[in-house]
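# Residue-level structure breakdown
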Amino acid sequence: LGVGIGVDYALYILSVTLAELRQGRSLSQGYYRALLFTGKVVLLTFTYSACAEVCPLITAAMVTLQQRLTVPERQQVFFLSVTAQPEVDTPAVLYAYAKRLGVDLASWAFVSGPPQAVQAVWQAFGLTVKQRAKDVVDHPAWTFLIDREGMVQYRYLGSLLEVETMLEDMRTLW
């Protein structure tokens, strides 16, 4: 499932300011720079709170992965979910979504922001997001594993993420 690609997509995240959910406040680009370049591996996905299809499955797999990590391993990883519906997903909405799905926000952020800024992140990762109906958004089900230097090393497609494979891939990056 994992495919190593040598393009530094993670740098694009640094060029936009998104709302960070844990405190319900916006944080500076420096926060994301610190996340990506202080020796953490980042697991990045795109989701939205009203999704009734793949997003809850992806998030559930990531929750399972987060729970499978040892305490020292958790300190080496950061989970990042970027909304596919910034017009709806405020920090409060994303916080409620994360809590409902059992996310440990100590090492995971769900982020949103101005639509143009969020769209820039989608484009940087090669995603096309389209509004299909009022609460339905079409977007590719990509999850990216980014190494300590900010390079995408693995990408996974689909809603049925293989937790064991992702865990093994993650451990090769430490």
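Residues numbered from 1 in each chain as written. Predicted model: local features only at pLDDT ≥ 70, side-chain atom pairs only at ≥ 80, totals over all residues. Heavy atoms only, no water.

## Concerning the packing of aromatic side chains
According to the stated counting rule, one finds eight aromatic pairs in the structure shown. Aromatic side chains phenylalanine 79 and tryptophan 108 sit 5.1 Å apart centroid to centroid with 25° between the ring planes, which places their arrangement in the stacked category. With phenylalanine 79 in strand β4 (residues 77-83) and tryptophan 108 in strand β5 (residues 108-112), the pair connects residues that are 29 residues apart, well separated along the chain. Residue classification places tryptophan 108 among the buried residues on the basis of a relative accessible area of 0%. (Phe/Tyr/Trp six-rings, centres within 6.5 Å; stacked < 30°, edge-to-face > 60°. Helix = DSSP H or I, 4+ residues; strand = E, 2+ residues; numbered from the N terminus. Buried < 20%, exposed > 50% of the residue type's maximum accessible area, 1.4 Å probe, protein only.)

## A look at the environment of methionine 62
Among the secondary structure elements, methionine 62 is positioned in helix α3 (residues 54-68). Once the C-alpha coordinates of methionine 62 and methionine 166 are considered, the two residues, 104 residues apart in sequence, prove to be 9.3 Å apart. Setting aside anything within four residues of it in sequence, one finds methionine 62 in contact with Leu43, Thr45, Phe79, Ser81, Trp108, Thr143 and Leu161. (Contact = heavy atoms within 4.5 Å.)

## Notes on the pattern of salt bridges
Counted according to the given criterion, the structure contains five salt bridges. Residue glutamate 53 is joined to arginine 132 by a salt bridge in which the shortest nitrogen-to-oxygen separation is 3.5 Å. Separated by 79 residues along the polypeptide, glutamate 53 in the loop between β3 (41-47) and α3 and arginine 132 in strand β6 (residues 130-133) bring together distant segments of the chain. By relative accessible area, glutamate 53 is classed as exposed at 52%. Judged by relative accessible area, which is 49%, arginine 132 ranks as partly exposed. (Salt bridge = Lys/Arg side-chain N within 4 Å of Asp/Glu carboxyl O.)

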